[in-house]
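Given next are the chains, with one letter for each unit.
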Amino acid sequence: MPDLSVRAIRGRLLSFLRAPRGAGDAESYRYLEDGIVVVKDGRIDAVGAAADLAARLPAGTPMEQHPDALIVPGFIDPHIHFPQTQVIASYGAQLLDWLNRYTFIEEQKYADPKHAAHNAEFFLDELARNGTTTAVAYCTAHPASAEALFAAAHNRNVGMIAGNAVMNRNAPPGLLAPAATAIADSRDLIRRWHGKGRQRYAVTPRFAITSTDAQLAELGALLAEFPTCLMQTHLDENLDEIALIKKVFPNDASYTAVYHRFGLLGPRSLMGHCIHLEESEVALLHDTRSVAVFCPTSNLFIGSGLFDYARLKAAGVRIALATDVGGGTSYSMLRTAAEAYKVMQLQGQNLPALSAFDLMTRGNAAALGLENEIGSITPGAFADLVVLDARATPAMAHRMETIRDIEEELFVLMTMGDDRAVRQTYIAGKPAL
Ligand SMILES: [Zn+2]
């Protein structure tokens with residue numbers, strides 16, 4: 001009688017062992033031309049060359065074959081806005097105007113649990129279609145929005161990290177209304193969802209402008225009370241935003257210093273954007289081991305500026321890569337990597353394909369402190385995988401005729417690929433498409 005919880009997935013396997021030191025760093029990854037992943041109870045039980053493993057599998061083990069396709073760990077998106085699936089592609093505004101004209105209007109709809117539940121299913125479907133198997137998501141100020149996302153994710157056994165965006169000033173009354181209960185709502189959501197199955201909570205001040213000192217202090221205290229939670233917020237995205245910060249917090253040395261004053265920086269803190277940083281802010285991010293989250297499609301679309309990857313890397317700041325939908329313009333981490341490459345090119349920097357794929361998988365997992373659970377094809381990790389086809393379109397197939405090695409294939413995937421290149425997504429070993 002075969003063990004029904006065991007299944008195997010076969011194809012070309014690529015997984016990173018550490019951050020590549022640059023193009024050509026073959027020691028940074030493990031590549032198997034014909035490999036097998038054995039999955040048991042949603043986790044990876046064994047990985048190896050088909051020539052070794054195939055004969056050792058118990059008779060009757062179901063095997064899904066992906067000849068020619070490249071199987072990598074599922075992509076991880078560490079900064080995305082769940083309530084902005086109908087804000088993406090909103091025309092003609094920079095950050096503060098974009099928030100007021102589009103985002104703050106749309107987010108008020110998430111007071112309705114039915115609207116939130118319906119859009120949570122869409123959101124998770126769309127992530128899976130793009131090969132993203134874990135995301136760190138902002139919800140709205142209404143607890144119904146985070147509740148809907150966690151419930152839908154738990155049902156699918158997909159590991160999500162989310163938090164309700166807490167605000168008590170400088171936003172419409174419909175979003176401020178829950179402010180009185182915001183901290184209690186967050187605590188309640190943490191108790192209900194943090195650590196339930198694969199769900200985790202992120203304490204979420206939207207950004208410093210939309211919370212008073214008192215509320216930021218409460219959020220810092222909440223993070224101290226639940227130190228295994230993550231923290232997500234926005235930092236130094238846009239020059240008008242920074243000018244407003246100086247007005248709202250006249251006594252703080254910098255935008256980053258505001259978060260630091262309230263205990264919101266640390267190794268589990270994800271700081272979205274980090275474009276216009278002063279030197280003292282770079283030092284604070286480094287010293288607190290906070291993560292700077294690079295959101296290239298959003299930074300270009302909203303006209304915020306160019307993330308200086310080389311500067312932060314040289315300063316030893318931890319870096320992650322994210323879509324930031326709906327300021328970002330694509331759910332695809334492949335499209336995101338392509339725009340990251342261009343943002344770096346404009347500054348005389350390069351993003352090798354190895355580094356981009358490491359960032360989207362192992363690197364982002366490490367940024368979340370979850371590298372033992374996700375982001376690699378290693379025994380013990382969840383079998384969250386994406387099956388990629390670098391010949392998904394005629395133009396890609398044509399280009400692939402001249403490709404010589406795996407690094408060139410990865411570069412075609414990140415430069416020309418999108419959801420069409422995703423042949424299958426596995427979440428805890430089960431096909432999601
Ligand atoms: Zn954002």
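Higher on the page you've got the structure.
**Topic: the coordination of the zinc ion**
- Only His 79 (NE2), His 81 (NE2), His 234 (NE2) and Asp 324 (OD) from the protein coordinate the zinc ion, and they sit 2.1 to 2.3 Å from it.
- Considering all 4 donor atoms around the zinc ion, the spread of angles at the metal, 86 to 172°, places the coordination shape in the irregular class.

**Topic: helix H7 (residues 213-225)**
- Given a rise of 1.5 Å per residue, 13 residues ought to cover 18 Å, and the 18 Å separating the end C-alpha atoms of H7 matches this to within 8%.
- For H7, the full list of buried residues reads Gln 215, Leu 216, Leu 219, Gly 220, Leu 222 and Leu 223. In a view along the axis of H7, the buried residues occupy a sector of 160°, so they form one face of it. Facing away from the buried side of H7, by more than 90 degrees, are the exposed residues Ala 214 and Ala 224.

**A short note on the sheet that holds strand E4 (residues 63-73)**
- An order of E3-E2-E1-E4-E13-E14-E15 is seen for the 7 strands of this open sheet, with the pairing classed as mixed. Strands at the two margins of the open sheet, each flanked by one partner only, are strand E3 (43-49) and strand E15 (430-431).
- Against the sheet, helix H16 (residues 406-416) makes contact with strand E1 (6-16), strand E2 (29-40), E4 and strand E13 (385-388), and its axis sits at roughly 80° relative to E4, the strand it touches most.

**Brief notes about the pairing of E3**
- In this structure, E2 lies alongside E3, joined through 6 bridges in antiparallel fashion. Among the inter-strand pairings, Gly 35 is bridged to a residue of E3, identified as Ala 49.
- The hairpin turn running from E2 into E3, its antiparallel successor, is 2 residues long, and Asp 41 in that turn takes a positive phi close to 50°.

**Section: the nonpolar core**
- One finds Leu 149, Met 160 and Phe 357 to be the most contacted residues of the largest nonpolar core, which totals 106 residues.
- Contact partners of Phe 357, with chain neighbours within four places excluded, come to Phe 16, Phe 75, Leu 334, Leu 388, Leu 410, Leu 413 and Met 414.
- Within the second largest apolar cluster, 16 residues are counted, among which are Ile 76, Val 293, Cys 295 and Ala 367.

**As for the packing of helix H14 (residues 353-367) against H16**
- Relative orientation of the contacting elements H14 and H16 amounts to 65°, with a least axis distance of 8 Å. Crossing geometry of H14 relative to H16 is assigned as left-handed. Contacts between H14 and H16 pair Ala 353, Leu 354, Ala 356 and Phe 357 from the former with Glu 407, Leu 410, Phe 411, Leu 413 and Met 414 from the latter.
- Across the contact of H14 with H16, the residue classes break down as 8 nonpolar, no polar and 1 charged.

**Focus: unusual backbone geometry**
- Omega for the peptide link from Val 325 to Gly 326 comes to 5°, which places this bond in the cis form.
- Relative to the helices and strands, Gly 326 resides in the loop between strand E12 (318-321) and helix H13 (333-345).
- Even without being a glycine, Ala 89 presents a positive backbone phi close to 70°.
- For Ala 89, a relative accessible area of 65% gives the class exposed.
- The phi dihedral of Ala 428 is positive, around 50°, even though this residue is not glycine.
- Within the fold, Ala 428 resides in the loop between strand E14 (422-427) and E15.
- Among the residues examined, Ala 428 registers a relative accessible area of 8% and is labelled buried.

**Quick word on the pairing of strand E8 (residues 200-203)**
- The alternating pattern of E8 places Arg 200 and Ala 202 and Tyr 201 and Val 203 on opposite faces, both of which are buried.
- As paired strands, strand E7 (residues 160-164) and E8 are joined by 2 bridges and run parallel to one another. In the sheet register, Ala 162 faces E8, and the bridge partner there is Tyr 201.
- Both E8 and strand E9 (residues 230-235) contribute to a ladder of 2 bridges, which runs parallel. Within E9, the position partnered with Ala 202 by the bridge is Leu 230.

**What about the sheet that holds E9?**
- One open sheet accounts for 8 strands, arranged E5-E6-E7-E8-E9-E10-E11-E12; its pairing is parallel. The outermost strands of the open sheet, each flanked by one partner alone, are strand E5 (75-81) and E12. Strand-to-strand twist of the sheet, defined as the mean angle between neighbouring strand axes without regard to direction, takes the value 25°.
- Relative to E12, strand E11 (residues 291-294) runs parallel, the two sharing 4 bridges. Within E12, the position partnered with Ala 292 by the bridge is Ile 319.

**Details of the packing of H13 against H16**
- Between H13 and H16, whose axes approach to 6 Å, the crossing angle comes to 95°. Here H13 is positioned roughly perpendicular relative to H16, judged by the angle of their axes. Between H13 and H16, the residues in contact are Leu 334, Arg 335, Ala 337, Ala 338 and Tyr 341 and Phe 411, Leu 413, Met 414, Thr 415 and Met 416, respectively.
- In terms of residue class, the contact of H13 with H16 is built from 8 nonpolar, 1 polar and 1 charged.

**Structural notes on the state of the cysteines**
- In total, this model carries 0 disulfides according to the counting rule given.
- Just so you know, Cys 139 is unpaired, no disulfide at all, and the nearest cysteine sulfur is the one on Cys 229, 13 Å from it.
- By relative accessible area, which is 1% here, Cys 139 ends up buried.

**Describing the packing of aromatic side chains**
- If you walk through the whole model with that rule in mind, you get 12 aromatic pairs.
- Considering the side-chain rings of Tyr 255 and Tyr 259, the 5.6 Å spacing of their centres and the 25° angle between planes classify their relative orientation as stacked. One end of the pair, Tyr 255, and the other, Tyr 259, are both in helix H9 (residues 255-261), 4 residues apart, so they sit about a helical turn from each other.
- Arranged with centres 5.1 Å apart and planes meeting at 65°, the rings of Tyr 341 and Phe 411 form a pair that is edge-to-face. Of this pair, Tyr 341 sits in helix H13 while Phe 411 sits in helix H16, and the two are 70 residues apart along the sequence.
- An aromatic cluster is present here, built from Phe 82, Tyr 110 and Phe 123 joined pairwise through their rings.
- One Lys or Arg, Lys 196, reaches over the ring of Trp 193 and ends 4.7 Å from the middle of that ring.

Cut-offs used in this document
- Along every chain, residues carry numbers that run from 1 in the direction the sequence is written.
- With the structure being a predicted model, the display of local features is reserved for residues of pLDDT at least 70 and the display and counting of side-chain atom pairs for 80 or more, all residues being used for whole-chain, interface and lining totals.
- With hydrogens and water excluded, all non-hydrogen atoms of the structure serve as input to the side-chain values.
- Any nitrogen, oxygen or sulfur atom within 2.8 Å of a metal ion counts as a donor, with the limit raised to 3.2 Å for Na, K and Ca, and since water is left out, coordination shells can look unfinished.
- Site shape is set this way: if four donors have all angles between 85 and 135 degrees, tetrahedral; if opposite donors are over 155 degrees apart and all others between 65 and 115, square planar for four donors and octahedral for six; otherwise irregular.
- Segments assigned H or I by DSSP are reported as helices when at least four residues long, segments assigned E as strands when at least two residues long, and all are numbered from the N terminus.
- Given the number of residues in a helix, its expected span is that number minus one, multiplied by 1.5 Å.
- For each residue, the accessible area found with a 1.4 Å probe, counting protein chains only, is set against the maximum for its type, and the residue is called buried under 20%, exposed over 50%, and partly exposed in between.
- Throughout, the arc means the angular range of directions from the helix axis out to the C-beta atoms.
- Here the rule is simple: two strands pair whenever DSSP picks up at least two bridges between them.
- For this analysis, residues touch if any pair of their heavy atoms sits within 4.5 Å.
- Geometry is summarised by axes, namely lines fitted to C-alpha atoms with helices restricted to the contacting stretch, and by angles between N-to-C directions that run from 0 to 180 degrees.
- For our purposes a nonpolar core is just a set of buried Ala, Val, Leu, Ile, Met, Phe, Trp, Tyr and Cys residues, chained together by side-chain atoms within 4.5 Å.
- Rotating anticlockwise by less than a right angle from the far helix to the near helix defines a left-handed crossing, while the corresponding clockwise rotation defines a right-handed one.
- The nonpolar class holds Ala, Val, Leu, Ile, Met, Phe, Trp, Tyr, Cys and Pro. Asp, Glu, Lys and Arg form the charged class, and all remaining residues, Gly among them, are polar.
- When describing relative orientation, an angle under 35 degrees is termed roughly parallel and one over 145 degrees roughly antiparallel, while 65 to 115 degrees is termed roughly perpendicular and anything else oblique.
- By convention in this document, the label disulfide applies to cysteine sulfur atom pairs within 2.5 Å.
- Two rings from Phe, Tyr or Trp (for Trp, the six-membered ring) form a pair when their centres sit within 6.5 Å of each other. Planes less than 30 degrees apart are called stacked, planes more than 60 degrees apart edge-to-face, and all others tilted.
- Criterion for a charge above a ring: Lys NZ or Arg CZ within 6 Å of the ring centre, and within 35 degrees of the ring normal.

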